[in-house]
Amino acid sequence: MKKKKLFKRKLANHIFRIFSLLAVLLASAAMLVIVSHVIRAGCKALSPGFFLNPSKPYGVPDSGIANALLGSMMITLGAALLATPPAICAGIYLAEFRDHPKVTAVLRFSANVMMGMPSVLVGLFVYILMVVPAGHFSGLAASVALAIIMFPVVMRTTEDMLGMVPYALREASLAIGMTRTRTTLKIICRSARKGLITGILLALARVSGETAPLLFTALFADSWPGDYLSGPTPNMPVLITEYSTNSPFAAMHQAGWGAALVITVLVLALNIGTRILFREKRHAP
Amino acid sequence: MKKSAIDHSFKWFCFFCAGLIGLLMLGFFIQLLLNSRQVWEVFGWRFLISREWNPVAEKFGALPSIAGTLSSTAIALSIAVPLALAAAIFLVNAAPLIREVLGHAIDLLAAIPSVIYGMWGLFVLVPLMQDKIQPFLADTLKIQRVPFIGKFLAEDYYNGFGILTGGLILAIMILPYICAILRDVLQMTPPMLREAAYGVGCTRLEAGKDIVIPYGIRGILGGVFIGLGRALGETMAVLFVIGNMMEMPQNAFSGSTTIAATIANSFPEADGLQRSALFALGLILLVMSLLIQILAQWYLRSATANRGE
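None of the values given here were measured: they were computed from a predicted structure.

Caption draft 1: A look at the overall build of chain B. The secondary structure content of chain B amounts to 14 helices and 2 strands. Along the longest, intermediate and shortest principal axes, the C-alpha atoms of chain B span 75 × 65 × 30 Å. For chain B, the proportion of contacts with a sequence separation of at least 24, taken over those separated by at least 6, is 77%.

See below:
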């Protein structure tokens, strides 16, 4: 009787271990299938001209993605410039000024909730806020939308990173007569700078593939992104969407896969590069 | 004197920046509420339960979108959560090298833009569903003949698009995300507890089921809710494969739509009452995702509070 029970327990255990191994394999296999398909289908589109020419309507030769690539960079960099300074200051407030713990808790909670905000709603929000009053789509509006998505992420990372700075550093700095402001900016932020840069770059990688907000703000154009401030701005995610859903032509689909490959490689490279270059030594006590 | 003035203004500046986040959240609410006012005036609460979406007759109801959102999310979660939990338990128990490599891989996969998943779904998964999976389910297994629940599972007509495909894409997309959170939560179980369980003769399954999961249950729920929020609000991955039909879904094979997909799909050509209806849908999505995020944060916070941090 007892022996049978042990057998059953061991059997259940083995079944469970096989199931969890399968789960890991299945998850990684699904990802490998997707990534390898993007690579295989995308490689066919790649050529020097693909990176150098702007996108053109179907049928026009020498079409590329150069304008969308440039536009995406402008939009994402714009978002980073808009979001980073206030987000870091907001993080400093959460981490350094603790005289109203309740207010801090509410703000931290809001930031956590905002991190889960559906990006399509951010698109709607900025559409009403900027596109309707201005009367035109613009790359700047797209930057603002992405900045809104980045803001809570950078804010929370900043708080976490500043929280890891040893307290003795603050005390030492204040003790030699530095002001609170100088202590925070010159001592604490500087000693946490690796973490801060990591947080900003990872947030940047995350928003650079965001599509839904751009449909409402940047839209798309077959031109160079000279109209960043005042007109539709070409960008990679909307180019992929347009080419794969609104076009029946195989050539467009192929270009879409090429663009998908480029943006996947860029996002992954930014992720891996950040993690390797700015790796924190977590083993230190 | 001067010194403290600088400090004072720096602090206020930081407070202002932090306050922006609260203002933003309020702004979302107020703006969606203001812009959807017209629909609430015309249809009232019936907007939530009306099944009709007819821009020509100016009749709008949210129920098809809500039903599509909830059912595709339910399919996604019921696939992703068991897999993510099993994978997370495997990762926590695995050898350090495997844990490191797979852990980084999962973090990276969570970073792939959702439009890529959508595109893959459209060009690879939809044909696969149409040619292999749906014929197998409907013609070989005949799951639509299962008594009582069969007619909600499948039908004889299929074209690859639909709720099931959308749910599958969402599941693939949120799996690494949930798995990463669950792994972090499970890693917080004190090793002493697990070792004690092994010490009294528990198998790995029993240690996981009776010690690790109960210890981290709040964190696990928090992680699941975060995945749920992500699946609810996801636009691009679903938009490509769900079929975009403004009708009540009949079963898992029917073409449908989600709130986010409806907004992204119909907004460009909408005006007047329809635009207002889309804002009302946005407001519903906002309320849903806020509630889920609040639950998630509450669970995750009480998970850390448990350990007295």
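What follows picks up the thread again.
Caption draft 2: Summary view of the interface of chain B and chain A. On the chain A side, the residues contacting the 64 residues of chain B number 68 residues. Counting residues per element, the side of chain B that touches chain A draws most heavily on helix 1 (residues 2-35) of chain B, at 19 residues.

Caption draft 3: Molecular detail of helix 10 (residues 204-215) of chain B. Residues and elements named next belong to chain B. Taken together, the buried positions of helix 10 are occupied by L205, A207, G208, V212 and Y215. Looking straight down helix 10, one finds that the buried residues subtend no more than 145 degrees of arc, so they occupy a single side. Turned more than 90 degrees off the buried face of helix 10, the exposed positions are D210 and P214.

Caption draft 4: Summary view of helix 3 (residues 66-96) of chain A. Residue and element names in this part refer to chain A. Taking 1.5 Å of rise per residue, 31 residues should cover 45 Å, and helix 3 covers 44 Å from first to last C-alpha, within 8% of that figure. The sharpest bend along helix 3 comes to roughly 35 degrees, located at T84, with the proline P85 sitting one to four residues further on. The element helix 3 is extensively covered by neighbouring structure, given that 24 of its 31 residues are classed as buried.

Caption draft 5: Structural context of the nonpolar core. A90(A), M150(A), A84(B), A87(B) and I178(B) are the most contacted members of the largest nonpolar core, which has 183 residues in total. Considering each element in turn, this core owes the most residues, 17 residues, to helix 8 (residues 163-187) of chain B. Residues within four places of A84(B) in sequence aside, it is in contact with L175(B), I178(B), C179(B) and L182(B).

Caption draft 6: Expanded view of the domain arrangement of chain A. Residues and elements named next belong to chain A. The domains assigned to chain A are domain 1 (2-43) and domain 2 (51-277). Inter-centroid distance (C-alpha atoms) of domain 1 to domain 2 is 35 Å. With 5 residues of domain 1 in contact, the opposing surface of domain 2 contributes 5 residues. Within the side of domain 1 that touches domain 2, the residues separate by chemical class into 4 nonpolar, 1 polar and no charged.

Caption draft 7: A look at the environment of L170(B). All names here are of chain B. Along the chain, L170 falls in helix 8. Sequence separation between L170 and A237 is 67 residues, and the spatial gap between their C-alpha atoms is 7.0 Å. Not counting residues within four places of it along the chain, the set of residues in contact with L170 comprises S72, T73, A76, A231, E234, A237 and V238.

Caption draft 8: Region of the structure containing unusual backbone geometry. Residue and element names in this part refer to chain B. Here the phi dihedral of E58 falls at roughly 55 degrees; this positive angle occurs in a residue that is not glycine. Following the sequence through the fold, E58 ends up in the loop between strand 1 (53-54) and strand 2 (59-60). With 11 C-beta atoms packed within 10 Å, E58 lands in the exposed category. Its identity is not glycine, yet K142 carries a phi of approximately 50 degrees, on the positive side. For K142, the location among the structural elements is in the loop between helix 6 (114-140) and helix 7 (150-153). On the neighbour-count criterion, K142 (12 C-beta atoms within 10 Å) is exposed.

Reading the values: the criteria
Each chain carries its own residue numbering, running from 1 in the written order of its sequence. Throughout, the order in which chains and ligands are written sets their labels, letters from A for the former and numbers from 1 for the latter. Reporting of local features is limited, given that this is a predicted model, to residues whose pLDDT is at least 70; pairs of side-chain atoms are given and counted only at 80 or more, and all residues count toward the totals for whole chains, interfaces and linings. For helices the rule is a DSSP run of H or I covering at least 4 residues; for strands it is a run of E covering at least 2, with both sets numbered from the N terminus onward. C-beta atoms are placed from the backbone for every residue, and two residues are taken to be in contact when these atoms lie within 7 Å. Put plainly, a residue is buried at 20 or more neighbouring C-beta atoms within 10 Å of its own, exposed at 12 or fewer, and partly exposed in between, counting only other residues' C-beta atoms, which are placed from the backbone. The arc in question is the one spanned by the directions pointing from the helix axis to the C-beta atoms. One less than the residue count of a helix, multiplied by 1.5 Å, gives the span that helix is expected to have. Think of it this way: the bend at a residue is just the angle between two axes, each fitted to seven residues, one set ending at that residue and the other starting at it. Put simply, a nonpolar core is buried Ala, Val, Leu, Ile, Met, Phe, Trp, Tyr and Cys residues tied into one set by C-beta atoms within 7 Å. Domain extents, as shown, originate in an automatic or database domain assignment. Asp, Glu, Lys and Arg are counted as charged, while Ala, Val, Leu, Ile, Met, Phe, Trp, Tyr, Cys and Pro are counted as nonpolar; the rest, among them Gly, fall into the polar class.

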